[in-house]
Amino acid sequence: MPTRPSHMPRRLILATSLALLAACGNESTPDEFVAKAEKQFQATAYDAATIELNNALQRDSQHKAARWLLAQTALATGDGPKAERDARRALELGVPASEAVPVIVRAIMLQRDFKRALTEAVNLPPDAPAAVRADLGALRGKIHLFSGDTQAADGEFAAAMT
């Protein structure tokens, strides 16, 4: 009885080829990568979000939203130097100072450079919203507290609450 030739090797080659073509054809836009990263960030999947954001920045190194979310992701994972670097780049790309400065200050605080964080905490535009001013006041209070200056901390906390 004659045996039928197996088509399994051809099917395997075809399936592998199609999979490789699909992988090579990933033409996601930077905005699509950022959208995926935002979902992953919300789910606290920070490593996955970072990969998507790096993919977006490979396609467009000046992508403001990708850089900004990368800074926030680094801050969430406790990587102060990276968070500061990416927040400063995002600021250069157009993220408002009222959003970027608090992230920069927190990133510097993670690096335990309280003097520099305090200096940075005053770099806020005069038109910054009251909530942002209060947030920075509370951060300045924490910086003074961490530095052992409880009197200055009390003053900053009181000012932040008004």
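Residues numbered from 1 in each chain as written. Predicted model: local features only at pLDDT ≥ 70, side-chain atom pairs only at ≥ 80, totals over all residues. Heavy atoms only, no water.

1. Side note on the packing of helix 5 (residues 80-92) against helix 6 (residues 97-110)
For the pair helix 5 and helix 6, interaxial distance at closest approach is 8 Å and the crossing angle is 160°. Considering their axes alone, helix 5 and helix 6 lie roughly antiparallel with respect to each other. The handedness of the crossing between helix 5 and helix 6 is left-handed. Residue-level inspection shows Gly80, Ala83, Glu84, Ala87, Arg88 and Leu91 of helix 5 in contact with helix 6, the latter providing Ala97, Ala100, Val103, Ile104, Ala107, Ile108 and Leu110. In terms of residue class, the contact of helix 5 with helix 6 is built from 10 nonpolar, 1 polar and 2 charged. (Axes fitted to C-alpha atoms, helices over the stretch in contact; angles between N-to-C directions. Helix = DSSP H or I, 4+ residues; strand = E, 2+ residues; numbered from the N terminus. Parallel < 35°, antiparallel > 145°, perpendicular 65-115°, else oblique. Left-handed = near helix turned anticlockwise from the far one by under 90°. Contact = heavy atoms within 4.5 Å. Nonpolar A, V, L, I, M, F, W, Y, C, P; charged D, E, K, R; others polar.)

2. A few points about the environment of Pro129
Its place among the elements puts Pro129 in the loop between helix 7 (114-120) and helix 8 (130-146). The class of Pro129 is partly exposed, set by a relative accessible area of 42%. When the C-alpha atoms of Pro129 and Glu99 are compared, they prove to be 9.9 Å apart, with 30 residues separating the residues in sequence. (Buried < 20%, exposed > 50% of the residue type's maximum accessible area, 1.4 Å probe, protein only.)

3. A short note on the packing of aromatic side chains
Tallied over the entire structure, the rule returns 2 aromatic pairs. Relative to Phe146, the ring of Phe114 lies with its centre 5.5 Å away and its plane at 40°, an arrangement referred to as tilted. In this pair, Phe114 is assigned in helix 7 and Phe146 in helix 8, connecting sequence segments 32 residues apart. (Phe/Tyr/Trp six-rings, centres within 6.5 Å; stacked < 30°, edge-to-face > 60°.)

4. Points about the nonpolar core
One finds Trp68, Val105 and Leu136 to be the most contacted residues of the largest nonpolar core, which totals 25 residues. Contributions of two or more residues to this core are made by helix 4 (64-76), helix 5, helix 6, helix 7 and helix 8. Of all the elements, helix 6 adds the most residues to this core, at 8 residues. Setting aside anything within four residues of it in sequence, one finds Trp68 in contact with Ala87, Ala90, Val95, Glu99, Ala100 and Val103. Ranked by size, the runner-up nonpolar core spans 11 residues in total, among them Phe33, Phe41, Ala66 and Leu69. (Core = buried A, V, L, I, M, F, W, Y, C linked by side-chain atoms within 4.5 Å.)

5. Observations concerning the confidence of the model for the chain
On average, residues of the chain score 87 in pLDDT, and 84% of them are at 70 or above. Contacts of residues 18-25 to residues separated by more than four positions or lying in other chains number 0 contacts, the stretch itself having pLDDT below 50. (pLDDT = per-residue confidence, 0-100.)

6. Quick notes on helix 8
Taking 1.5 Å per residue, 17 residues should reach 24 Å; helix 8 reaches 24 Å between its end C-alpha atoms and fits that length. Every buried residue of helix 8 is accounted for by Val132, Leu136, Gly137, Leu139, Arg140, Gly141, Ile143 and His144. Turning to helix 8, the residues buried within the fold contact helix 6, helix 7 and helix 9 (150-160). Taken from the residues just after helix 8, Gly148 is the one with a positive phi, measuring 90°. (Expected span 1.5 Å × (residues − 1).)

7. Structural notes on the pattern of salt bridges
Taken as a whole, this structure holds 9 salt bridges when the rule is applied. Asp86 is the partner of Arg89 in a salt bridge, and the nearest nitrogen-oxygen pair spans 3.8 Å. In this pair, Arg89 and Asp86 both sit in helix 5, 3 residues apart, roughly one turn of the helix. Across the pair Asp135 and Arg106 runs a salt bridge, and its minimum N-O distance is 2.8 Å. Placement of the pair is Asp135 in helix 8 and Arg106 in helix 6, with a sequence separation of 29 residues. Given the relative accessible area of 26%, Asp135 is considered partly exposed. Linked by salt bridges that have partners in common, Glu84, Arg88, Asp113, Arg116 and Glu120 make up one network. (Salt bridge = Lys/Arg side-chain N within 4 Å of Asp/Glu carboxyl O.)

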